[in-house]
Amino acid sequence: MNRLTEQLVRSRVWRSIFRHGLPLSNRARAEAVFYNFFLHVHPTKVRRRSIKFTYTWGLGGLSAGLFIILTVTGALLMLYYRPSIHQAYWDMKDLQFVVSSGQFLRNMHRWAAHAMVAIVFLHMLRVFYTGSYRPPKEFNWVIGVVLLVMTILLSYTGYLLPWDQLSFWGISVGTNMVRAVPFGTGDRISYLLLGGNIVGENALVRFYVLHCFVIPVAAMVFMGIHFWRVRKDGGV
Amino acid sequence: MDKKIEEKGKEGLMSRRFFFESIGLGAISIAAIGSIALTGEYLSPNVVREPPMKFKAGKPEDFPAGSVTLAADQKVYIVRAKEGYFYALSAVCTHLGCITNWKPEEGIIACPCHGSKFDTEGNRIAGPAPRPLPRFSMVLDDQGQLVVDKSLVVSEETTLKV
C-alpha cells in the first residue's frame, strides 16, 4: 500500500498536478499552500485571535456555503422550470409533486435563500461590532455592502419565478416603487425592468435571466475580490 | 536634426506617438459608447404585446342602477351611479399598483395590499394612496356598447349620460 502510494506520488501525472513533494518539510508545506489555487488566497500569517470561532462565528463562510448550495440546487431546478407565464406555475407545482426529490430541492433552495439573507445580515453586524471595517479594510466593507444588496436582489428576482399571486403582486408593488425614482427616470427603469408596462411574459424572462445569470455572476466576481482582500488583510 | 524635432515636440507640437494614441483611443471610445447605447436600446422593447387600452365594456342595460362592476381583465370598474349615469373608474390602486376590490356590503373600494380605501367616486377615504382613482374616457359607440379608453384620463366630474 505504501509502495503504491509512493509510486502514485512519484508518477509524472501526479507531479504535473502537485508541483511539490509530499508536504513533509516546512518548505513543502508552504509550497502546498502557495501552489494550490484554492489555498493561495490564504494570508501568510493569521492572528490567533482572528481564528477564534467566537470572533467571526463563521458567518462569512456560512454565507459563501449557502451561496454554493443555492447555485447547485438552483441549477438543478432550472432543468424542470420554464420561465413562461403558461408554464412557470405548473413547472413549480410539478417540482413539488411529480419530480423525484423536487420538493426537497425546491425547499432547500428556498430555505437556503432565506438563511442567506439572514446570515449575510448577521455577518454585517459582526463586522460592525468587531470594528473590522476600519482601515485598511474600509473598501472591503463597501464591497460587502454591494454583496448584501446583491443577496437581496437575488432574493427579490427569485420571488417572481413561481408566478403565483404572491409573486405577481410582490413584483407589481416593487416595480411601482421603482417608479418613484426622481428626475423622470423611475418610469424608464420600471419599463426596462419589466420589459413593458405590466408584469407579464417579458418581466418573467427578465427576472429569470437576472436571477440565474446576471446577478450570480456579478456576485461571484465581487465575492472573489471580497475574500481575496479579507485574506490579504490577515483575516481567515 | 533629431534633436530639433524633439525640441519642436516639447514646444507644443503634437508628437507622432501622441497623435496615433489619440486616434486609437478616440475610435475605441466611440465604439464603446456606441455599443453601450445600442445595448440600452436593445433592452427597451419597441413593441409590447399587452392588452389594448381601449375596450368594449358591454351595453348600458347590462349594468343595474347603483352598481359597481369590475372588468377584471382590464382592471376598470364600470360604475352606474344612478339611472343612466356612467363612468369608468380605474381599479388599480394609486399607491403601488395593486388591484382593488369592490366591497358591496360596505359600499367602498378597498386595496388588499396596504389598506387604502376609496368611495365609489374614486375619492380616497383611508390608507396610503396619494391620489384618487382616475376616471377614464367612456363613450357609447354605434352599436350601443360602452367603450372605455384607458389612455385618456378625464376629470372627476365627467359622467356619461345614457
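Keep in mind that this is a model prediction, so the values were computed, not measured.

1. Focus on the overall build of chain B
And then number 1: Broken down by element type, chain B carries 2 helices and 11 strands.
And then number 2: From first element to last, N terminus to C terminus, chain B shows the α and β order α-α-β-β-β-β-β-β-β-β-β-β-β.
And then number 3: Radius of gyration (C-alpha) of chain B: 30 Å, far over the 15 Å computed for a compact globule of 162 residues.
And then number 4: Dimensions of chain B along its principal axes, counting C-alpha atoms only, are 100 × 40 × 25 Å.

2. A look at the overall build of chain A
And then number 1: Along the backbone of chain A there are 11 helices and 0 strands.
And then number 2: Along chain A, from the amino end to the carboxyl end, the secondary structure elements read α-α-α-α-α-α-α-α-α-α-α.
And then number 3: Here the C-alpha radius of gyration of chain A, 23 Å, is well above what a compact globule of 236 residues would show, namely 18 Å.
And then number 4: With the C-alpha coordinates aligned to their principal axes, the bounding extent of chain A is approximately 65 × 45 × 30 Å.
And then number 5: With 236 residues in all, chain A has 22% of them scored as buried.
And then number 6: In chain A, 63% of the contacts between residues at least 6 apart in sequence involve partners at least 24 apart.

3. Regarding the nonpolar core
And then number 1: Membership of the largest hydrophobic core comes to 18 residues, with the highest contact counts inside it found for Ala88(A), Leu161(A), Ala203(A), Leu204(A) and Phe207(A).
And then number 2: Those elements that place two or more of their residues in this core are α6 (88-97), α9 (165-178), α10 (186-194) and α11 (201-232) of chain A.
And then number 3: Ranked by residue count, the leading element in this core is α11(A), at 5 residues.
And then number 4: In this view, Ala88(A) contacts Tyr81(A), Arg82(A), Pro83(A), Leu161(A), Trp163(A) and Leu204(A); residues no more than four positions away in its chain are not counted.
And then number 5: Tyr77(B), Phe86(B), Leu89(B) and Ala91(B) belong to the second largest nonpolar core, which has 17 residues in total.

4. Focus: the interface of chain B and chain A
And then number 1: Taken together, the contact pairs 9 residues of chain B with 13 residues of chain A.
And then number 2: Residues belonging to the side of chain B that touches chain A are distributed by class as follows: 6 nonpolar, 2 polar and 1 charged.

5. Observations regarding the confidence of the model for chain B
Should pLDDT be low for a region, the predicted coordinates there are not to be read in detail.
And then number 1: Averaged over every residue, the pLDDT of chain B is 87; residues scoring 70 or more account for 93%.
And then number 2: Listed scores for the predicted complex are pTM 0.84 and ipTM 0.75.

6. Let's talk about the sheet that holds strand β6 (residues 108-110) of chain B
What holds strands together in a sheet is hydrogen bonding between their backbones, with the strands either parallel or antiparallel.
Residues and elements named next belong to chain B.
And then number 1: A sheet is described by the order of its strands in space; here 4 strands give the open sequence β5-β6-β7-β8, paired in antiparallel fashion. Looking at the sheet topology across the chains shown, the edges are occupied by β5 (101-103) and β8 (124-126).
And then number 2: Pairing of strand β7 (residues 117-118) with β8, which is carried by 2 bridges, proceeds in the antiparallel orientation. The partner of Lys 117 across the bridge, within β8, is Ala 126.

7. Comments concerning α11(A)
Residues and elements named next belong to chain A.
And then number 1: Over its 32 residues, α11 extends 45 Å from the first C-alpha to the last, a length consistent with the 46 Å expected when each residue adds 1.5 Å.
And then number 2: Along its length, α11 shows its largest kink, about 45°, at Leu 210.
And then number 3: Those residues of α11 that sit buried are Ala 203, Leu 204, Arg 206, Phe 207, Tyr 208, His 211, Cys 212, Ala 219 and Val 230.
And then number 4: Its buried side turned inward, α11 meets α5 (59-78), α6, α8 (138-160), α9 and α10.
And then number 5: One or two residues past the end of α11 sits Gly 234, with phi positive at roughly 90°.

8. Let's talk about unusual backbone geometry
Residue and element names in this part refer to chain A.
And then number 1: Looking along the chain, the bond that leaves Pro 135 and enters Pro 136 is cis, with omega of 5°.
And then number 2: Along the polypeptide, Pro 136 turns up in the loop between α7 (102-129) and α8.
And then number 3: Located in the positive-phi region is Ser 101, a residue other than glycine, with phi close to 60°.
And then number 4: Mapped onto the secondary structure, Ser 101 falls in the loop between α6 and α7.

9. So, α10(A)
Residues and elements named next belong to chain A.
And then number 1: Burial in α10 covers these residues: Ser 190, Leu 193 and Leu 194. Seen end-on, α10 carries its buried residues on one side only, within an arc spanning 85°.
And then number 2: With its phi angle positive at about 65°, Gly 195 sits one or two positions after the end of α10.

About the criteria used
Residues numbered from 1 in each chain as written. Chains lettered and ligands numbered in written order. Predicted model: local features only at pLDDT ≥ 70, side-chain atom pairs only at ≥ 80, totals over all residues. Helix = DSSP H or I, 4+ residues; strand = E, 2+ residues; numbered from the N terminus. Rg over C-alpha atoms; globule rule 2.2 N^0.38 Å. Buried ≥ 20, exposed ≤ 12 C-beta atoms within 10 Å, placed from the backbone. Contact = placed C-beta atoms within 7 Å. Core = buried A, V, L, I, M, F, W, Y, C linked by C-beta atoms within 7 Å. Nonpolar A, V, L, I, M, F, W, Y, C, P; charged D, E, K, R; others polar. pLDDT = per-residue confidence, 0-100. Pairing = 2+ DSSP bridges. Expected span 1.5 Å × (residues − 1). Bend = angle between axes of the 7 residues up to and from the residue. Arc of directions from axis to C-beta.

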